[in-house]
Amino acid sequence: MKRSYDSRRRRMIRFAASSVIPLVLWYSLAAAQSHPDQTELNDVHFHLTNYIQEGTDIHDFLKIMGAKVGRVALFGIPLQQEWSYQNSGDFAPTYYLQTDAPLYYYSFTDAYIAMAYRSLSKEQRERFDPMITGFNPADMYAADHIRRVLETFPGVFSGIGEFTIHKEFVSAKVAGETASLQNPALDRILDFAEKVGLVVLIHNDMDVPFAKEGSQPVYLDQMKALFRRHPNTTIIWAHTGMGRIVRPIKNHAAQLAKILADPQFSRVYFDISWDEVAKYVLSNPEASRITADLLNRYPDRFLFGTDEVAPPNQEKYLKVYYQYEPLWKLLDEKTREKVRKGNYERLFDEARRKVRAWEMAKGLNF
Ligand SMILES: [Zn+2]
């Protein structure tokens, strides 16, 4: 009797070894494969909506991200293009270059982004870091708007931006006072971002369009002065300061290297988003090599972003990512991983932790 019990037990153990354990292993392997860590990239610069506040449904966008994209910094566009009947009649402009009518700050974008985020499941939310953009950076009350958004939608936001100070064609079209790097309103915004732990994503052209070759870039010193006034704020300079026709200034990489080497600017980062930036980086082998050298020298300070606006499918969404293929090949493995994924996770994990702590200290529930 005992022997047959023993043999039955042995048979059961053998069965467990042959089927149950591999099954458990298979499940954990499958779980690891669907984990965001297996993804190729994170996107630090993504607009869910366009200049008339229309865009991709966030659930559709999750499908567009697929298994390739892990996390995305999510925002709309703070500026609304007015449809002025006086100006364009029945033609409804969807982009700022299609009409002379002004742009105005559309604060509702923050509520829209927060509600889109809240429509997701807990697991889906993990893949997004929503950003506050709906404020006028020339308004001394802008920091109060940011605080109010955090208080109204606790548990949602990790940063502010992309917001714009100087941008070719755009700045001049914004209704009201023109934004400036020297405006104390901007200092109030960056002070508040530091206090809460919000990541700041700022668009500011380094120079004016069609600048004279070899001249000092107009906004570089003002930008450095701003960084110096806010050494403890985490700031990502979008597009490394380039614009569509604000060309990479002579020795652009050398100017960036000066900022990167300066310990005063240790919390300044750059994103390489936008197909216009990729165009310059890949314009010739020399430009690509100089860019790759800089990234390899400062692997912790650059982040990939798409700068796509309301894309209809993954091919369109990841156009810039594929465009950068020659650059990816020139990066060493560690740098490639950090620029595409690691730096994003480091900055935004820290921001999430700090902003949630600030909200909790204020007694906000989420
Ligand atoms: Zn931009």
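Parameters at a glance
- Residues numbered from 1 in each chain as written.
- Predicted model: local features only at pLDDT ≥ 70, side-chain atom pairs only at ≥ 80, totals over all residues.
- Heavy atoms only, no water.
- Helix = DSSP H or I, 4+ residues; strand = E, 2+ residues; numbered from the N terminus.
- Buried < 20%, exposed > 50% of the residue type's maximum accessible area, 1.4 Å probe, protein only.
- Areas by Shrake-Rupley, 256 points an atom, 1.4 Å probe, with all protein chains shown as cover.
- Donors = N, O, S within 2.8 Å, 3.2 Å for Na, K, Ca; no water.
- Phe/Tyr/Trp six-rings, centres within 6.5 Å; stacked < 30°, edge-to-face > 60°.
- Axes fitted to C-alpha atoms, helices over the stretch in contact; angles between N-to-C directions.
- Parallel < 35°, antiparallel > 145°, perpendicular 65-115°, else oblique.
- Left-handed = near helix turned anticlockwise from the far one by under 90°.
- Contact = heavy atoms within 4.5 Å.
- Nonpolar A, V, L, I, M, F, W, Y, C, P; charged D, E, K, R; others polar.
- Pairing = 2+ DSSP bridges.
- Core = buried A, V, L, I, M, F, W, Y, C linked by side-chain atoms within 4.5 Å.

### Here's the deal with the overall build of the protein chain
From N to C terminus, the protein chain includes 15 helices and 11 strands. Relative to its full complement of 366 residues, the protein chain shows a buried share of 52%. If you sum the accessible surface of the protein chain, you get close to 17,500 Å²; carbon and sulfur atoms cover 55% of it.

### Re the coordination of the zinc ion
At the metal site, the zinc ion is ligated by Glu-162 (OE), His-203 (ND1) and His-239 (NE2), and these contacts range over 1.7 to 2.3 Å. Sequence positions of the donors to the zinc ion reduce to the motif E-x40-H-x35-H. In this pair, Glu-162 is assigned in strand β6 (residues 159-164) and His-239 in the loop between β8 (235-237) and α9 (252-261), connecting sequence segments 77 residues apart. No difference in accessibility class separates Glu-162 from His-239, as the two residues are buried.

### What to know about the packing of aromatic side chains
Applying the stated criterion across every chain yields a total of 21 aromatic pairs. Relative to Phe-128, the ring of Phe-61 has its centre 6.2 Å away and its plane inclined at 40°; by these criteria the two rings are tilted. With Phe-61 in helix α2 (residues 58-65) and Phe-128 in strand β5 (residues 128-132), this residue pair connects regions lying 67 residues apart in the sequence. Exposure remark for Phe-61: the relative accessible area of 0% places this residue in the buried category.

### A look at the packing of helix α6 (residues 142-152) against helix α7 (residues 184-196)
The N-to-C vectors of α6 and α7 enclose an angle of 30°; their axes lie 8 Å apart at closest approach. Regarding the angle of α6 to α7, the classification is roughly parallel. Taken as a pair, α6 and α7 cross one another with a handedness that is right-handed. Here Ala-142, Ala-143, Asp-144, Ile-146, Arg-147 and Leu-150 of α6 lie close against α7, whose contacting residues are Arg-188, Ile-189, Phe-192 and Val-196. Classifying every residue of the contact of α6 with α7 gives 7 nonpolar, no polar and 3 charged.

### Here's the deal with the environment of Val-156
Structurally, Val-156 can be placed in the loop between α6 and β6. When its relative accessible area of 2% is taken as the criterion, Val-156 is described as buried. Through-space distance from the C-alpha of Val-156 to that of Arg-356 is 8.7 Å; in sequence the pair is 200 residues apart. Apart from the residues lying within four places of it in its own chain, the contact partners of Val-156 are Ala-114, Tyr-117, Arg-118, Pro-130, Arg-356 and Glu-359.

### Here we look at the pairing of β5
For β5, a buried count of 5 out of 5 residues is recorded, marking the element as mostly surrounded by other parts of the structure. Both faces of β5 are covered, namely the face carrying Phe-128, Pro-130 and Ile-132 and the face carrying Asp-129 and Met-131. As paired strands, strand β2 (residues 69-75) and β5 are joined by 3 bridges and run parallel to one another. Note that in β5 the partner of Ala-73 across the bridge is Asp-129. In this sheet, β6 lies alongside β5 in parallel orientation, the contact comprising 2 bridges.

### Description of the nonpolar core
Phe-128, Ile-160, Phe-302 and Tyr-324 are the most contacted members of the largest nonpolar core, which has 83 residues in total. Not counting the four nearest positions on each side in its chain, Ile-160 is found in contact with Met-131, Ile-132, Phe-135, Ile-146, Ile-189, Ala-193, Leu-198, Val-199, Val-200 and Leu-201. Ala-73, Ile-236, Leu-303 and Ala-351 belong to the second largest nonpolar core, which has 14 residues in total.

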